[in-house]
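A structural walkthrough
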Amino acid sequence: MEFSIKSGSPEKQRTGCVVVGVFEGRKLSPSAKEIDRAAKGFLSEVLRRGDHDGKAGTSLLLHCLTGLPADRVLLVGLGKERELGESAYRKSIDTAIKALRATGTTEATFFLTELALRKRDVAFRIEQAVLAIMEGLYRFDRMKSKPPETKRALRKVALHVPRRGDIAAGEAAAK
């Protein structure tokens, strides 16, 4: 697994899948708002129709959004905005990995690591994301007589930080 730490605009990411969050009450996270703006309100329209409500543990995969170079956009439910803590953050990463494993994408860009957690810095968010991703992708099938057929595995994950100054702390936490 190859991890990288980046900072930049979510709507300009050329990747297999961009992962952004949605809070309960159909409220887009800041990076999801930027993607929505680039896609001319498509995410807002999807939420307005009731296809995704932002409840924790839910996800919705969108394909080929116009105005975006990314192949897919994964909306991950974050739960209530006021209750976003360590466990809810970890659950959102787990939900994203479960959804990504079903797609067969080989690379993804996570914007969930930009979410603010009380009393936790960017290094903590990056470290927890790396741990959750590694645990979510781990499969022990060495002892099975016939390994299960799987889609292509996720190989590259870019984790985004809010500011360029956070890149060094993020890279240290990822290691």
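Residues numbered from 1 in each chain as written. Predicted model: local features only at pLDDT ≥ 70, side-chain atom pairs only at ≥ 80, totals over all residues. Heavy atoms only, no water.

1. Digging into the nonpolar core
To keep it simple, the criterion reads: Here, nonpolar core means buried Ala, Val, Leu, Ile, Met, Phe, Trp, Tyr and Cys residues that are tied together by side-chain atoms lying within 4.5 Å of each other. Under the scheme applied here, a residue whose accessible area is under 20% of the maximum for its type counts as buried, over 50% as exposed, and between as partly exposed, the area being computed with a 1.4 Å probe on protein chains only. The way it works is that DSSP assigns letters per residue, a run of H or I at least four long becomes a helix, a run of E at least two long becomes a strand, and they are numbered from the N terminus. In this description, contact between two residues means that some pair of their heavy atoms is separated by no more than 4.5 Å.
Of all hydrophobic cores here, the largest spans 33 residues; its most connected members are V19, L100, F110, L112 and L159. Of all the secondary structure elements, the ones that give two or more residues to this core are β2 (17-23), β5 (72-79), α3 (86-103), β6 (107-110), α4 (122-137), β7 (156-160) and α5 (167-174). Once residues lying within four places of it in the same chain are set aside, the contact partners of L100 are C17, V19, L74, T105, A108, F110 and L154. Among the nonpolar cores identified, the runner-up in size contains 17 residues, and V46, L62, L65 and V73 belong to it.

2. Description of helix α1 (residues 30-38)
For the record, the criterion: Arc definition: it is the arc formed by the directions from the helix axis to the C-beta atoms.
Residues of α1 that are buried include every one of S31, A32, I35 and D36, and no others. Take α1 and look down its axis: the buried residues cluster within an arc of 145 degrees, on one side only. Relative to its buried face, α1 has exposed residues pointing more than 90 degrees away, namely P30 and R37. On the buried face of α1, the contacting elements are β2, β3 (27-28), α2 (42-49) and β5. Trailing α1 by a residue or two, K40 shows a phi angle of about 60 degrees, which is positive.

3. Examining the pattern of salt bridges
Defined as follows: One speaks of a salt bridge when a side-chain nitrogen belonging to Lys or Arg is within 4 Å of a carboxyl oxygen belonging to Asp or Glu.
Within this structure, the stated rule accounts for six salt bridges. The salt bridge partner of E135 is R90, with a shortest N-O separation of 2.5 Å. Highlighted residues: E135 in helix α4 and R90 in helix α3, separated in sequence by 45 residues. Among the ionic contacts, a cluster of salt bridges with common partners joins E45, R48 and R49.

4. Here we look at the packing of α1 against α2
Our working definition: Interaxial angle, 0 to 180 degrees, is taken between N-to-C directions of lines fitted to C-alpha atoms, where a helix line uses only the stretch in contact. Angular relationships are summarised with four words: roughly parallel below 35 degrees, roughly antiparallel beyond 145, roughly perpendicular across 65 to 115, and oblique for the angles in between. Polar here means any residue other than Ala, Val, Leu, Ile, Met, Phe, Trp, Tyr, Cys and Pro, which are nonpolar, and Asp, Glu, Lys and Arg, which are charged; Gly is therefore polar.
Relative to each other, α1 and α2 sit at 105 degrees, their axes nearing to 6 Å. As far as their axial angle goes, α2 and α1 are roughly perpendicular. Here A32, I35 and D36 of α1 come into contact with α2, specifically with F42, L43 and S44. Here the contact of α1 with α2 is built from residues that sort into four nonpolar, one polar and one charged.

Coordinates in, geometry out; function isn't part of it.
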